[in-house]
Structures are given as structure tokens and as C-alpha cells.
Amino acid sequence: MSLKNNTHIASMPHIELEISNPCNERCVHCYRVCEGTKRGFLSAAQARSVLEQAKALGAATVVITGGESLLNPEWKEIVSVADNLGFRISFFSNGSLMKESDADFLATIKNLKEVQFSLYALDEAVHDGITGVRGSCAGTKNAIQLMRERDIPLFVSCPVMKENKTAVLDVMRWCDDNGISSCADIFIFGDSDYSGKNLEHRLSWSELQEFFEETMKDNARLSYVWGNGHGKRDLNEIEFYGGAAHSLCVSGDGTIYPAIGWYEPLGNISTDKIADVFENHPLLNELRKIHATDIKECSECTCADFCEFCFSPHITANNGELGKVDAEFCRFVELRKKLAKARDEILHQES
């Protein structure tokens, strides 16, 4: 790759490693569907090279994920490499393949920030219906228990969709009751091949209102899911594609991408240096120039305090074209702020 030298050196606080492109589950809502991301396992030697290069650029945290991470036969070696290099590690897995020996290993990792699993329901029929794999719920629950028995930092992600819009509330309550950190992702992003096939599982606007009413039950116990906003923000300081502008994703076959879920090839670790791609690639340099104030819809929006400025929905909704927004995501942010304010008014009246 021949890239024009960039005089401004951007910082890289973070790197993502998709160490296993294959996955053993077939989740109906999954956005990671590009054919080019379905092959290959990153080796421990490759991971070491990438992480050493990223560390030289200032990276301090790493996400190790897949596909399914445990399918990579060298996943433990990769985690150990990251740990020995001093990276703060977030390890993602569906947990269905985890054994006691795997949990014992993770308990030895000094710099482990969290192990993250997705649990779609406590009801096995609902969870397994989403993953397409019978027994996957039992496997994930077992993995969670293995983490808890060893005091391994644990995070449970609960994507909300039509199939589990009621069942996921039980997951949230169970996590809260057991002191497990969790989040419920209410907006399903489009898939990475821009086809939008997975969007049929996204909650409709009427279903979002129904979900809100469910979270308000039992003294609004689960209403925290709507958030409290970020307060007044300076849009000049917010990079619209910030989540992808200052990181890279290296996939199992060595391809370098901007980020998980945005599979625009930037190079390959077999031929390109991480620093060369990160500092000089035209796409990344273009991303770093675009701030929220450059986007007409953002500059006119009154809901910036409730927006996460996540690049994924905008990229997938617009076939990778820059400078365009996903109108449905913007509408969701507007509704989220409206529902959060409605919650606050109800709680104020009750108090």
C-alpha cells in the first residue's frame, strides 16, 4: 500500500481484534454478515505483532471478539499476549462453548476489564430461537455462572428485538438482583452488508412505547434503560465518526477495517503496517475532519444530549456513504429523550 504521508499524527487509544471470523451461532439480528468476514482465525503471533504496533501508537485497551472467540484454537495465547503487553482487555464471547478450564484461565488474567456475553432471555426457547442453536441459552448461563464463581468481571448485553421484547425484562431484573453489570440495546443496527435484512427484528415505534410502559412497572424499576442524557454538549468537539476515526479492527483473516461492523477494507496485516494505515489512510483522515456541526441534521437537532453519536446506524443505512444520517436512528434518539422526560415527570409526580 502506498499512502500519502499525513503530517498530523492521530492518537489511537483503542484497538479491536476479531480473532475468529466464524461463529457457532446464527443470531437473527446479527449485523456481522459480510462474506469477507466469515473466514479465518488470527494467530497468536499475528495478534502479538498487531498489539505491539498498536501499543507504539498509544493504544491501551483492546476488544477481543469474533465471530465466536472460543472457536480460535489460540484464543488463550492471544489473551495472554494482550495481558502481558499491559492492555486493558474486554473479552467477548457467546459463552456457549466455555468450559471450567477456560474460566480458570480467564481468572488468571491481570488486566481483564470484563468478559461480555449476550443473553437474550432467561427462557431457553426464546434465547435459542434467536441464536438458532438449541442449548445455547444453557451454555451462556453456565458461562455466566463460571465467571461469577471466580469473581471474574462480567458484563451482560441484552439486545432488545421483537422476539424477546418481554423476556429481556427478566434478564435485566435478574442481572440487577445479582449485581451483574448489564445494558439493554434497544435499537438494532442494520447489517454490515447494507442489505438491512436484520431490521425486521427491530422494535416498531408502537412496540417501543409498549416497552417503555413495561419498564415503568414495579415503581419504574427498569426505567433507567432510557438514560439521563449528557447535558449540554459542544457539537464542534464531537467527531461524527469518532468511534471509527481513532481505532482499527483487525479481522481473523488479517484484513484491517475501520471498526467492528464497518467492513470497508483498509489493508491487511500481511502487507501493511498498522501505523501506516492508521495515520495515513484517506478514509480515516476524512473521518477525522467530520464533526457533528458539519452534519445538517445534527446542527439543527435538539436531542444531542441523548445521542451517542454512534457511526454504525448511519454507515449501514447509507451504504457506507459519509455525511448522511440514518433518519430512523435520529427518530429513535428523539423518542428516547421524549420517553426519558416522560419517566422523569411521572417519578416527580409520584414523589
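Conventions used here
- Residues numbered from 1 in each chain as written.
- Predicted model: local features only at pLDDT ≥ 70, side-chain atom pairs only at ≥ 80, totals over all residues.
- Heavy atoms only, no water.
- pLDDT = per-residue confidence, 0-100.
- Contact = heavy atoms within 4.5 Å.
- 1 Å grid on protein atoms, 1.4 Å probe; cavity = no way out; pocket = protein on both sides within 12 Å on 5 of 7 lines; lining within 4 Å.
- Points joined across faces, edges and corners; volume = space filled by probe spheres on them.
- Nonpolar A, V, L, I, M, F, W, Y, C, P; charged D, E, K, R; others polar.
- Helix = DSSP H or I, 4+ residues; strand = E, 2+ residues; numbered from the N terminus.
- Buried < 20%, exposed > 50% of the residue type's maximum accessible area, 1.4 Å probe, protein only.
- Pairing = 2+ DSSP bridges.
- Axes fitted to C-alpha atoms, helices over the stretch in contact; angles between N-to-C directions.
- Left-handed = near helix turned anticlockwise from the far one by under 90°.
- Phe/Tyr/Trp six-rings, centres within 6.5 Å; stacked < 30°, edge-to-face > 60°.
- Parallel < 35°, antiparallel > 145°, perpendicular 65-115°, else oblique.
- Core = buried A, V, L, I, M, F, W, Y, C linked by side-chain atoms within 4.5 Å.
- Polar contact = N/O pair within 3.5 Å; in protein donor to acceptor, adjacent residues only side chain to side chain.
- Patch = residues over 30% accessible without salt bridge, like charges linked within 9 Å, V, L, I, M, F, W, Y side chains within 5 Å.
- Areas by Shrake-Rupley, 256 points an atom, 1.4 Å probe, with all protein chains shown as cover.
- Salt bridge = Lys/Arg side-chain N within 4 Å of Asp/Glu carboxyl O.

Chemist: Explanation requested: the confidence of the model for the protein in the structure shown.
Modeler: In low-pLDDT regions, the fine details of the predicted coordinates are not to be read closely. Mean pLDDT over the protein stands at 94; residues scoring 70 or higher make up 96%. Low pLDDT, under 50, characterises residues 1-8; the stretch is placed with 16 contacts to residues that sit more than four places away or in other chains.

Chemist: Would you take a moment to explain empty space enclosed by the protein for this structure?
Modeler: Gaps left between atoms are located by rolling a probe of water-molecule size over the structure's atoms. Scanning the model with the defined rule gives 2 cavities of 30 Å³ or more in all. Taken as a whole, the largest cavity holds about 40 Å³ of empty space. Along the walls of the largest cavity sit Tyr31, Phe189, Gly190, Ser192, Ile260, Gly261, Ser312 and Thr316, which together make up its complete lining. Its residues assigned to classes, the lining of the largest cavity comprises 3 nonpolar, 5 polar and no charged. Its volume calculated, the second largest cavity comes out at about 30 Å³. Forming the walls of the second largest cavity are Arg173, Glu214, Thr215, Lys217, Asp218, Arg221 and Leu222.

Chemist: How do you make sense of the environment of Ala45 when you look at a structure like this?
Modeler: You can see Ala45 is positioned in helix H1 (residues 44-56). Take Ala45: its relative accessible area is 57%, and that puts it in the exposed class. Spatially, the C-alpha atoms of Ala45 and Leu122 are 38 Å apart, while their sequence positions differ by 77 residues.

Chemist: What is the right way to look at the sheet that holds strand S5 (residues 154-157) in this model?
Modeler: Strand pairing in a sheet is mediated by backbone hydrogen bonds. Such pairs are either parallel or antiparallel. Here we have 9 strands laid out as an open sheet, ordered S6-S5-S4-S3-S2-S1-S7-S8-S9, and mixed in their pairing. Pairing within the sheet leaves two strands with one partner each, and these edge strands are strand S6 (181-183) and strand S9 (267-268). Sheet topology note: the strand S3 (residues 88-92)/strand S4 (residues 112-118) ladder contains 4 bridges and is parallel. Bridged to Ile89 within S4 is Leu112. Against the sheet, helix H2 (residues 75-84) contacts strand S1 (14-20), strand S2 (61-66) and S3, and its axis sits at roughly 160° relative to S3.

Chemist: Just to check I follow, could you spell out unusual backbone geometry for this structure?
Modeler: Leaving glycine out, the prevailing phi sign among residues is negative, and the prevailing peptide bond configuration is trans. With a phi close to 60°, Asn219 is a non-glycine residue in the positive phi region. Within the element layout of this structure, Asn219 appears in helix H8 (residues 217-220). With a relative accessible area of 70%, Asn219 lands in the exposed category. The phi torsion at Asn319 lies on the positive side, around 55°, for a residue other than glycine. Its location among the elements puts Asn319 in the loop between helix H13 (311-317) and helix H14 (327-350).

Chemist: I would appreciate a short explanation of the side chain of Asn285 in the present structure.
Modeler: Following the sequence through the fold, Asn285 ends up in helix H11 (residues 282-287). For Asn285, a relative accessible area of 16% translates into the label buried.

Chemist: Which parts of the structure should I look at to understand the packing of helix H6 (residues 167-177) against helix H7 (residues 205-215)?
Modeler: Two quantities define a packed helix pair, namely the angle between the axes and the distance from one axis to the other. In the contact formed by H6 and H7, the axes pass within 11 Å of each other and the chain directions differ by 35°. Crossing hand, H6 versus H7: right-handed. From H6, Val168, Leu169 and Met172 reach across to H7, where they touch Phe211, Glu214 and Thr215. Across the contact of H6 with H7, the residue classes break down as 4 nonpolar, 1 polar and 1 charged.

Chemist: Hey, could you run me through the packing of aromatic side chains in this one?
Modeler: Aromatic rings considered in pairs are described by the distance between their centres and by the relative angle of their planes. Inspection of every chain in the model, using the stated rule, returns 13 aromatic pairs. Ring geometry for Phe189 versus Phe329: centroids 6.3 Å apart, planes at 75°, classification edge-to-face. Taken together, the residues Phe189 in the loop between S6 and H7 and Phe329 in helix H14 connect sequence positions 140 residues apart. Overall, Phe189 belongs to the partly exposed group, its relative accessible area being 24%. Considering the side-chain rings of Phe211 and Trp226, the 6.1 Å spacing of their centres and the 70° angle between planes classify their relative orientation as edge-to-face.

Chemist: Teacher, can you tell me more about the packing of helix H4 (residues 124-131) against helix H5 (residues 136-149) here?
Modeler: As a packed pair, H4 and H5 sit with axes 7 Å apart at the nearest point and diverge in direction by 105°. The orientation of H4 relative to H5 falls into the category roughly perpendicular. When H4 is examined against H5, the residues Glu124, His127, Asp128 and Thr131 are found in contact with a partner set consisting of Ser136, Cys137, Ala138, Thr140 and Lys141. Among the residues forming the contact of H4 with H5, the class breakdown is 2 nonpolar, 4 polar and 3 charged.

Chemist: Help me out: how do you make sense of the nonpolar core in this one?
Modeler: Generally speaking, a soluble globular protein has its nonpolar side chains buried in company with each other. Residues Ile15, Leu17, Leu106, Met147, Phe211 and Leu248 are the most contacted members of the largest nonpolar core, which totals 97 residues. Sort the elements by how many residues they give to this core and H14 lands first, with 6 residues.

Chemist: Mind showing me how you'd approach the side chain of Asn21 here?
Modeler: Position of Asn21 among the secondary structure elements: in the loop between S1 and H1. Within the local environment of Asn21, its side chain forms a polar contact with the side chain of Arg32, the two groups lying 2.9 Å apart.

Chemist: Is there a simple way to think about a nonpolar patch on the surface in this case?
Modeler: Taken together, the side chains of Phe41, Leu71 and Leu97 define a hydrophobic patch exposed on the protein surface, amounting to about 220 Å² of accessible area. On the secondary structure map, Leu71 appears in the loop between S2 and H2. Residue class for Leu71 comes out partly exposed when judged on its relative accessible area of 30%.

Chemist: Can you walk me through the layout of surface pockets in this structure?
Modeler: In this structure, the second largest pocket occupies an estimated 200 Å³ of space. Contributing to the lining of the second largest pocket are 14 residues, with Glu297, Cys298, Cys301, Cys307 and Cys330 lying nearest its centre. When contributions to the lining of the second largest pocket are tallied by element, the ones reaching two or more residues are helix H12 (296-300) and H14. With 4 residues, the top contributor of residues to the lining of the second largest pocket is H14. The residue inventory of the lining of the second largest pocket, partitioned by class, reads 10 nonpolar, 2 polar and 2 charged.

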